[in-house]
Amino acid sequence: MKRILILHTGGTFGMVPMEPDEILVPGNLHSEWLNQVPEIARLAEIDVEIPFNMDSSNVSIAEWEILVDIVGRKMDRYDGFVIIHGTDTMAYTASALSFSLLNLRKPVILTGAQRPLARLRSDARGNLIDAIQVATMDIPEVAVVFGQSVLRGNRATKNSISSYKAFVSPNYPLLGKIGLNVELFRENMLLTPQPFRIDRGFSDEVVALYIFPGSDPRLFFPLLDSGTKAFLLIGFGAGNLPENDRSWIPFIEKATGKGQAVFLASSALHGRVDLELYAGAQEAARAGAVGVKGMTREAALVKLMKLCATYDDAGKIREYFFTDRAGEIEP
Ligand code: ASP
């Protein structure tokens, strides 16, 4: 039988409704929740650890490092890992793990639930069983198993607050589908001859700015002197932004002039940022911004946090941003 380590980190999966208004808070769970899913013992030999138990909105760099550390240290003792995590920031954590646990040989699977395990009609039980099953298989990746899909972790994004199919992988095909059988698509999986290695460290000197019609870039000029190493501007469509009287171009020029890296993502989920398509985006490119291609916003931000932990130089950050680490970006 395969050996699987479950790391329970919180999220709706284990939450309990608190009186008087039934607000969901992290439950005081230790092992009792496992009694509600005794059938998982038929899938694998399972150990459980609870490194932290929180709403995933509170997950930050420290929690990512804890997970990297546990999985890294226990890599030889288990055949696969299942991380139960809140859905809100699951895509960020999946990206963080994929950029830190490099050239994986074993599955590291994140899952969670939209409805607590203790509630009727919960998706927690099914997601957990699917995740454990997938973790016993040969998947050399950080993946999200949710709503009967297996998605590459750094390509996944939460796109629904209420659907049991909460995650999509907008610009990369699924790694697998779960129905009557678990169907894996090996041709979509990572394959590397490089040895497994761990790359620790993330920087918080990264800022994301959401551009909207009427946004005033001058309000953000103080950020240019804040020690920020990289900006991710979330523009429109293919990477457009205003270039008229509320132009963002001076912001980009100033940032580039100060040695800060500027990246452009899109508020749209599907498709690739292409700064050659429209005048506004072209101006941004001329000022020094670069498009994130088809990367998710989560993967782009976490990759910048990873790179800024090592590099100060905007040129290096740009160069390594477009060097694939774990299948997050097309060649
Ligand atoms: N707020 C919860 C969390 O991310 C949502 C969930 O798990 O679905 O922790």
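One numbering rule holds for all chains: residues counted from 1, following each sequence as written. Only residues with pLDDT of 70 or above have their local features reported here, since the model is predicted, and side-chain atom pairs are shown and tallied only from 80 upward, although totals for entire chains, interfaces and linings are computed over all residues. With hydrogens and water stripped out, all remaining heavy atoms of the structure feed into the side-chain values.

**Here's the deal with the environment of Arg119**
With respect to the helices and strands, Arg119 occurs in the loop between β7 (108-111) and α3 (124-135). Residue contacts follow a heavy-atom distance rule, with two residues in contact if any of their heavy atoms lie within 4.5 Å. In contact with Arg119, other than residues within four places in its own chain, are Pro17 and Glu22. Numbered from the N terminus, helices here are DSSP runs of H or I no shorter than four residues, and strands are runs of E no shorter than two.

**Structural notes on the sheet that holds strand β12 (residues 176-178)**
Note on pairing: two strands pair once DSSP finds at least 2 bridges between them. Strand order in this open sheet of eight strands is β4-β1-β5-β7-β8-β9-β12-β13, and the pairing throughout is mixed. The sheet is open, and its two edges are formed by β4 (45-49) and β13 (182-184), each paired on a single side. Within the sheet, the average angular offset between the axes of one strand and its neighbour, ignoring direction, is 25°. Judged from the three bridges that link them, β12 and β13 form a sheet pairing that is antiparallel. Residue Gly176 lies in a different strand from β13, and its bridge partner there is Leu184. Convention adopted: a line fitted to C-alpha atoms gives each axis, helices being fitted over their contacting stretch, and angles between N-to-C directions are expressed from 0 to 180 degrees.

**Some points on the packing of helix α4 (residues 249-257) against helix α5 (residues 279-287)**
Between two packed helices, the angle of one axis relative to the other and the distance separating the axes together describe the packing. Running from amino to carboxyl end, α4 crosses α5 at an angle of 20°, the nearest separation of the two axes being 8 Å. One element, α4, and the other, α5, form an angle in the roughly parallel class. Where α4 crosses over α5, the two elements pack in a sense that is right-handed. In this structure, α4 uses Ile249, Ile252, Glu253 and Thr256 to contact α5, whose residues at the interface are Gly280, Glu283, Ala284 and Ala287. Here the residues of the contact of α4 with α5 are counted per class, giving four nonpolar, two polar and two charged. Under this scheme an angle from 65 to 115 degrees is roughly perpendicular, one under 35 degrees roughly parallel, and one over 145 degrees roughly antiparallel; angles in between are oblique. Crossing chirality is assigned from the near helix's rotation relative to the far helix, an anticlockwise turn below a right angle marking it left-handed and a clockwise turn marking it right-handed. Think of it as three bins: nonpolar holds Ala, Val, Leu, Ile, Met, Phe, Trp, Tyr, Cys and Pro, charged holds Asp, Glu, Lys and Arg, and polar takes everything else, Gly as well.

**Quick notes on the sheet that holds strand β16 (residues 230-235)**
Strand order in the open sheet formed by four strands is β15-β16-β17-β18, with parallel pairing between adjacent strands. The open sheet has two free edges, formed respectively by β15 (206-210) and β18 (290-291), since each of these has just one partner strand. Across two bridges, the pairing between strand β17 (residues 261-266) and β18 is parallel. When the bridges of β18 are listed, Leu264 appears paired with Gly291.

**Details of the site of the ligand**
Taken together, Gly11, Thr12, Asp55, Ser56, Gly86, Thr87, Asp88, Ala113 and Gln114 form the complete shell of residues around the ligand. Polar contact is the term for a pair of N or O atoms within 3.5 Å; when the atoms are in protein, one must be able to donate a hydrogen and the other to accept it, and sequence-neighboring residues count only if both atoms are side-chain atoms. A distance of 2.9 Å is found between an oxygen atom of the ligand and a backbone nitrogen or oxygen belonging to Thr12. At 2.9 Å, a side-chain N or O of Asp55 approaches a nitrogen atom of the ligand. The fraction of the free accessible surface of the ligand (270 Å²) that becomes covered by protein chains is 90%. For the shell around the ligand, the residue count by class is one nonpolar, six polar and two charged. One heavy atom within 4 Å of a molecule or strand is enough for the residue carrying it to be called near that molecule or strand. Residue-level accessible areas treat just the shown protein chains as cover; the underlying method is Shrake-Rupley with a 1.4 Å probe.

By themselves, these observations are geometric and do not establish any function.
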